[in-house]
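If you want the building blocks of each chain, they are given just below.
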Amino acid sequence: MNRLSLLAALLLPVSAALHADDWSVRPINGVPRLTRNGKAESNFIFSAARITKGDPVETESVAAEVKLARKHGVRVYSVSFLPLWGGEAQRKAAADFADHICTEILKSDPDAFFMPRVQFQEPPFAEADMREKNLSADGSRDQVAIASARYRREAAGALRDFIRYMERKYGDHMMGYHVAAGHHGEFQYCNFARRGNLFGYDDATGAAFRNFLKEKYRNDLTALCRAWKKNHLTFENAPVPPPTLRSGREGEVFHDPYTEQASIDFNAFLNRDMADFALELARVVREECGKTRIVSVFYGYLFECMPQSNGPSQSGHFALARLLRSPDIDVLCGPYSYSNLARVPGGPQFTHTVGESITAAGKIWFNEDDTATHISMRQRMPEDGSHRAAFDRPLEETRLLLRRNFLFNLARNYGVWWYDHHSRGMWNDPALWEEKAFADRIEAAVLDDPEPYRPDVTLVFDEKNADFIVSANEPRYTLEGGVSAMRDRVSRSGCASGVRLLDDIVSGKAGYSKLDIHCNAVALTGEERRALRDRAGKIPTVWMWAPGYIDLDRNEFSLKAIEETTGFKVRPVQPATWTVWARPEGFDFNLPDHYGWGQTLRPVFAPVPEKGDLVLAYWRDSYGTPAIVLRPGRDGRPFSVFCGAADLPAATIRAFARKAGAHIYCSRNAGIHKGRDFVAVTAGEGGLYDLNVGGAEEWFDAYTGRPIGRGPQLKLNLKPAETFTACRKILLDKIHTGGNAR
């Protein structure tokens, strides 16, 4: 049988009975866990960018890393594979590429399992048919349009063939499939962040948008014309809004829902259509493998994509709730934040997304750890040795970052994979794998008996807010310094904190919290306003910026809706900057003398104090005008805060959390990672840290085993950027007698 005939035979449907192992995500103690044949497995994967045939550097580098991974108990490997599409020659080349990757990994680890990252970039037909490519307003075309029916049909077919090929040849080694499409395979629109790149003017996107409108307006043409304030529209000629409309009004963050509904609709379409493409590919895996394989996608970069120069919706990542409702997806993933703060030792660790909502939906969030190691930094160093200081990251700095990242993920029951960006051996150092060995011992101790993560402080994010943000560069710095930066603030508050979708709050799924902080609850229905107000009647709440300002029932901006949401009357103001000045009452809540940053954009609000309220800060450029007001609890309701600024200092969040009855682990700004029988603290600065663990039992250094004192207060003298892990005796015994034996 020749090679092409063999390939055709391998693409026949595969019986589920052929699968040697059943990989799935199952709840254990309410915590979603990777399982193999019903038994919990480690949430660690090793990933390389590629292993190119004929490239000895890539082949040898990854082989060395795989050997280290195997030694340290790794079972699953992820590498980028090519889909089986195009002509016979191209399909054969993709199959050969897959064989080469699997063969090379199996040489170094015969027991390996694979989760291929199947990259659906440019389909073979795209260069020959430019009409299928995405068309930008400036007339340029880049990658194939996500809305192209032909692209989606061929991608689904190529994925189906790829799965059949892999299952027949490597079925005993298959763990799952990571489907990847769009910009860098991350289900984003191509060049979405390139300033001024407003796209979607190709025929495929226009047709898909009109289908979306038919569904949204239930084929009611009168409703469409009323919403768009246009006569003579039909569902056959409704256009993609022009760039002038999508860019919004100067000085404004939000589209006016009364006059700019067309742009709001297009933003919503971009998010939903991208999410639906991810779901279509995920469904192919389910159809081929049932529930015996893990399905993974990059998606949900809510905080990271918020401050983009063309508005957040141009990324396509703001329909996460659709994926969370789907039974066809097990794992969502993405790199940990690229914020400068998160990428330096001692900085806070935080994700792109709302990890606690993903966990609550029965799925696992995997952080891709693509930390620039001491090896990869040196590989980037200019040959002439110039700028050496910028590239010379010592081994110890790498270890500090990895330890922080491991403890962050362990505490929250997230997964992690180490990713070798260029397959050049950036993880090829036994010293780095020693950090994994430490984390392995903690993970192994709780693998079969995990504890749900129950943070005291909940940062709440509303993804539909993105639909209303204008597609322009102007709001970028407001969103970056405000909404997006709130991840950093809560992460350094000295409390156990988590992040959830507003949907969870409204539905009642969120449950436990000592303090809720709403960073962008701007566009709400009456039902949502009532649900949030009811919850705020039980849980102390901080309302940020413009909560409830867009009334979705009346499709208008509304000060009354803000009052219905928060209980605070407000009035619009226009200070020159976002800077606020603390009043004496504000110092009691750790407000600095002043804080804030550059030029404001509309809307900005001043809360109107009532009798008994505490004015904590004024707007600097409108001194005497309240910016932050605290309303003490009354009539059985807890306290609430209206913060007109889009940002709050970490120390002030800690003060509000203390007032709310949250457990304050550390009275200094520090990252807290609270897991089963351990508390890890990441110190931004060196010095003495008081760690309040509660109770009077003895605690130990989880790394060395030495006793460090009895609770409730442990005194720790920490080095700059150190992540220290204190644990109870019960965990210490498991750590030092168990381990991750393969």
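Our structure is the block above this text.
Now for a description of the structure that goes with this document. (Residues numbered from 1 in each chain as written. Predicted model: local features only at pLDDT ≥ 70, side-chain atom pairs only at ≥ 80, totals over all residues. Heavy atoms only, no water.)

**Some details on the state of the cysteines**
Part 1: Taken as a whole and judged by the stated rule, the model has 0 disulfides.
Part 2: Counting only cysteine sulfurs, C333 is the nearest neighbor of C305, a cysteine outside any disulfide, at a range of 14 Å.
Part 3: Here C305 falls in the buried class, since its relative accessible area comes to 2%. (Disulfide = S-S within 2.5 Å. Buried < 20%, exposed > 50% of the residue type's maximum accessible area, 1.4 Å probe, protein only.)

**Some points on the environment of V284**
Part 1: Tracing the sequence through the fold places V284 in helix α8 (residues 261–289).
Part 2: For the pair V284 and I163, spaced 121 residues apart in the sequence, the C-alpha separation amounts to 9.1 Å.
Part 3: Excluding anything up to four places from it in sequence, V284 contacts A156, L159, R160 and I163. (Helix = DSSP H or I, 4+ residues; strand = E, 2+ residues; numbered from the N terminus. Contact = heavy atoms within 4.5 Å.)

**Comments concerning the packing of aromatic side chains**
Part 1: Across all of its chains, the model carries 37 aromatic pairs by this definition.
Part 2: Aromatic side chains F589 and F656 sit 5.5 Å apart centroid to centroid with 45° between the ring planes, which places their arrangement in the tilted category. Of this pair, F589 sits in the loop between α21 (584–587) and β24 (594–595) while F656 sits in helix α22 (residues 650–660), and the two are 67 residues apart along the sequence.
Part 3: Using a relative accessible area of 1% as the deciding quantity, one classes F656 as buried.
Part 4: Following the ring pairs from residue to residue traces out a cluster consisting of F44, F46, F406, W418, W427 and W433.
Part 5: A cation over an aromatic ring shows up here: R403 above the ring of Y703, its NZ or CZ 4.0 Å from the ring centre.
Part 6: Between K436 and the ring centre of F44, over which it is positioned, the NZ or CZ distance is 4.8 Å. (Phe/Tyr/Trp six-rings, centres within 6.5 Å; stacked < 30°, edge-to-face > 60°. Lys NZ or Arg CZ within 6 Å of the ring centre and 35° of its normal.)

**Remarks on helix α2 (residues 56–71)**
Part 1: The terminal C-alpha atoms of α2, which comprises 16 residues, lie 22 Å apart, in line with the 22 Å expected from a rise of 1.5 Å per residue.
Part 2: Those residues of α2 not exposed but buried are E58, T59, S61, V62, A63, E65, V66, L68 and A69.
Part 3: Buried residues along α2 sit against β4 (44–48), β5 (76–81), α3 (88–108), β14 (415–420) and α15 (430–446).
Part 4: Where α2 begins, one side-chain oxygen reaches toward the backbone nitrogen of V57, 3.0 Å away; that side chain belongs to D55.
Part 5: Positive phi appears at G73, one or two residues downstream of α2, with a value of about 85°. (Expected span 1.5 Å × (residues − 1). Polar contact = N/O pair within 3.5 Å; in protein donor to acceptor, adjacent residues only side chain to side chain.)

**Structural notes on helix α23 (residues 729–737)**
Part 1: Taken as a whole, α23 has its buried residues at L731, L732 and I735. For α23, the arc enclosing every buried residue in end-on projection is 100°, short of the 170-degree limit, so these residues lie on one face.
Part 2: On the buried face of α23, the contacting elements are α15, β30 (678–683), β32 (698–701) and β35 (723–728). (Arc of directions from axis to C-beta.)

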